[in-house]
Amino acid sequence: MAAFSIRNLEKRYPGAPVPALRDFSLEVGSGELVAIVGPSGCGKSTLLRMLAGLEAETAGEIRLGERVLTGLPPKDRDLALMFQSYTLLPHLSVEENLAFGLKLRGEPRPSRLEKARAIAKTLGIESLLRRLPSEISGGERQRAALGRAILRSPAAFLFDEPLSSLDAQMRLQLRVEIQRLHQRVRVPMLFVTHDQGEALTLGDRVVVLDRGVMQQVASPEELYRRPANAFVASFIGAPGMNLFKGRIETNENGSARFVSPALSYDLTPAQTAAIKPHTAITVGLRPEHLRRADASEALLRGEVTAVERQAGQATLYVQSGDVSFAARVGEDFSARPGDFSGWTFDPAAVSLFAGPGETRIDL
């Protein structure tokens, strides 16, 4: 049985035209970290607030082990919730903030201060124990908030975008600390973030939300390689999967061909067998699946509009009529805005999406 069980959870706000969260169900195993990601307003923070008891659910049930949490006040749920804001008590020292949860439980002062010093050493803030929150940096405050949550020894951890206000280096350090915490305590963790990089790095599984509806829950590798629909395909990845809308037409020899304003190519036998002729379809291609081709081999052509260089590689943004797409190349590739380029790919590498929800076609 899952340690954390969320069943058919729904949240409707009075006067809102659609629910903020619809029919959300998820089983989280003991020791599993599940990341929840999606665009702003998709319902991810609303979900976490309902789990913590800060929002009342409209329908559904929340269980932690054998305990039903639905309807319980936050103090009775035995959950540690870490926000984007630091939520440290400003009049208490770092040491007193770390030990505050233990104090509320009635643990003797010598014991709780000993534990606070131990966790401060683990998090690299032992030299800051006598300072007030106003006297330390944002990253140090967030480490203190994480340490306080760890010392509570809760039945589960809930993280609501705890790293979004930190600089890049501090986000990396705190991600490492959370991974270490995950390995150490082995209790359920749910980590809400708008940063897909964080989600894919931290999550054993990742939930993708859009407009209050779960689009897919899978391992990071599965999300990237086999997105459930066109939304997940375009959302996961930096940049996301290139999407080309078109139709399937039949060649004179009976084979099938995808035709769109920017891209046309002959389908593989497996793709032909899975799709009916004259079907509206979306073809997805990851930027790294495109490779440079001369005019006679090119399946895609366009003008380079921007070049984004990263360590060891570059991403080219290319315009073909009204359609734009991205291609990833090695750092030694020479290109500049205004250049015209041709591209090809292995047809077996594409993802195909069709139907009202542009769902994935499994071959």
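Let me begin by describing the structure that accompanies this report. (Residues numbered from 1 in each chain as written. Predicted model: local features only at pLDDT ≥ 70, side-chain atom pairs only at ≥ 80, totals over all residues. Heavy atoms only, no water.)

### Looking at the overall build of the protein
Next up, step 1: Counting its regular elements, the protein contains 10 helices and 21 strands.
Next up, step 2: By its C-alpha atoms, the protein is 85 × 45 × 35 Å across when sized along the principal axes.
Next up, step 3: Classification of the 363 residues of the protein by burial places 48% in the buried group.
Next up, step 4: If you take every contact in the protein between residues at least 6 apart in sequence, the share linking residues at least 24 apart comes to 64%.
Next up, step 5: As presented, the protein carries roughly 17100 Å² of accessible surface, and 50% of it is formed by carbon and sulfur atoms.
Next up, step 6: If you average the places of the 44 positive and of the 42 negative side-chain charges in the protein, the two averages end up 6 Å apart. (Helix = DSSP H or I, 4+ residues; strand = E, 2+ residues; numbered from the N terminus. Buried < 20%, exposed > 50% of the residue type's maximum accessible area, 1.4 Å probe, protein only. Contact = heavy atoms within 4.5 Å. Areas by Shrake-Rupley, 256 points an atom, 1.4 Å probe, with all protein chains shown as cover. Lys, Arg positive; Asp, Glu negative; His and termini not counted. Charge placed at Lys NZ, Arg CZ, Asp CG, Glu CD.)

### Comments concerning the sheet that holds strand S19 (residues 340-344)
Next up, step 1: Spatially, the five strands line up as an open sheet ordered S15-S19-S16-S17-S18, and their pairing is antiparallel. On the outer flanks of this sheet lie strand S15 (291-293) and strand S18 (323-330), each paired with one strand and no other. On average, each strand axis in the sheet is tilted by 50° relative to the strand beside it, whichever way the strands run.
Next up, step 2: Two strands pair when backbone bridges link them, and strand S16 (residues 300-310) and strand S17 (residues 313-320) are joined in this way by seven bridges, in the antiparallel orientation. What sits directly across from Arg309, in S17, is Ala314. (Pairing = 2+ DSSP bridges. Axes fitted to C-alpha atoms, helices over the stretch in contact; angles between N-to-C directions.)

### Description of the pattern of salt bridges
Next up, step 1: Tallied over the full model, the rule gives 20 salt bridges.
Next up, step 2: The closest approach of N and O atoms between Arg205 and Glu32, which form a salt bridge, is 2.5 Å. Of the two residues, Arg205 is situated in strand S9 (residues 205-210) and Glu32 in the loop between strand S2 (21-28) and strand S3 (33-37); the sequence distance between them amounts to 173 residues.
Next up, step 3: Each of the salt bridges in this network shares a partner with another, and the network as a whole consists of Glu222, Arg226, Arg360 and Asp362. (Salt bridge = Lys/Arg side-chain N within 4 Å of Asp/Glu carboxyl O.)

### Description of the packing of helix H4 (residues 109-123) against helix H5 (residues 138-151)
Angle between the axes and distance between the axes: these two values describe a pair of packed helices.
Next up, step 1: At a minimum axis distance of 10 Å, the contact between H4 and H5 shows a crossing angle of 130°. Judged by the angle between their axes, H4 and H5 are oblique. Between H4 and H5 the crossing geometry is right-handed. Only Arg143, Leu146, Gly147, Ile150 and Leu151 of H5 make contact with H4, whose side of the interface consists of Lys115, Ala116, Ile119 and Leu123.
Next up, step 2: The residue makeup of the contact of H4 with H5, split by class, is six nonpolar, one polar and two charged. (Parallel < 35°, antiparallel > 145°, perpendicular 65-115°, else oblique. Left-handed = near helix turned anticlockwise from the far one by under 90°. Nonpolar A, V, L, I, M, F, W, Y, C, P; charged D, E, K, R; others polar.)

### A short note on the packing of aromatic side chains
Next up, step 1: Applying the stated criterion to the full structure yields seven aromatic pairs.
Next up, step 2: Centre to centre, the rings of Phe258 and Tyr265 are 6.1 Å apart; their planes meet at 50°, and the pair counts as tilted. Like Tyr265, Phe258 is buried.
Next up, step 3: One aromatic cluster is present, built from ring pairs that chain together Phe157, Phe159 and Phe191. (Phe/Tyr/Trp six-rings, centres within 6.5 Å; stacked < 30°, edge-to-face > 60°.)

### Side note on helix H6 (residues 168-185)
Next up, step 1: Given a rise of 1.5 Å per residue, 18 residues ought to cover 26 Å, and the 26 Å separating the end C-alpha atoms of H6 matches this to within 8%.
Next up, step 2: Residues Met170, Leu174, Arg175, Glu177, Ile178, Leu181 and His182 constitute the buried set of H6. End-on view of H6: buried residues confined to an arc of 165°, all on one side of the axis. Residues of H6 that are exposed and point over 90 degrees away from its buried face: Ala168, Arg180, Gln183 and Arg184.
Next up, step 3: A positive backbone phi angle near 50° is found at Arg186, which sits one or two residues after H6. (Expected span 1.5 Å × (residues − 1). Arc of directions from axis to C-beta.)

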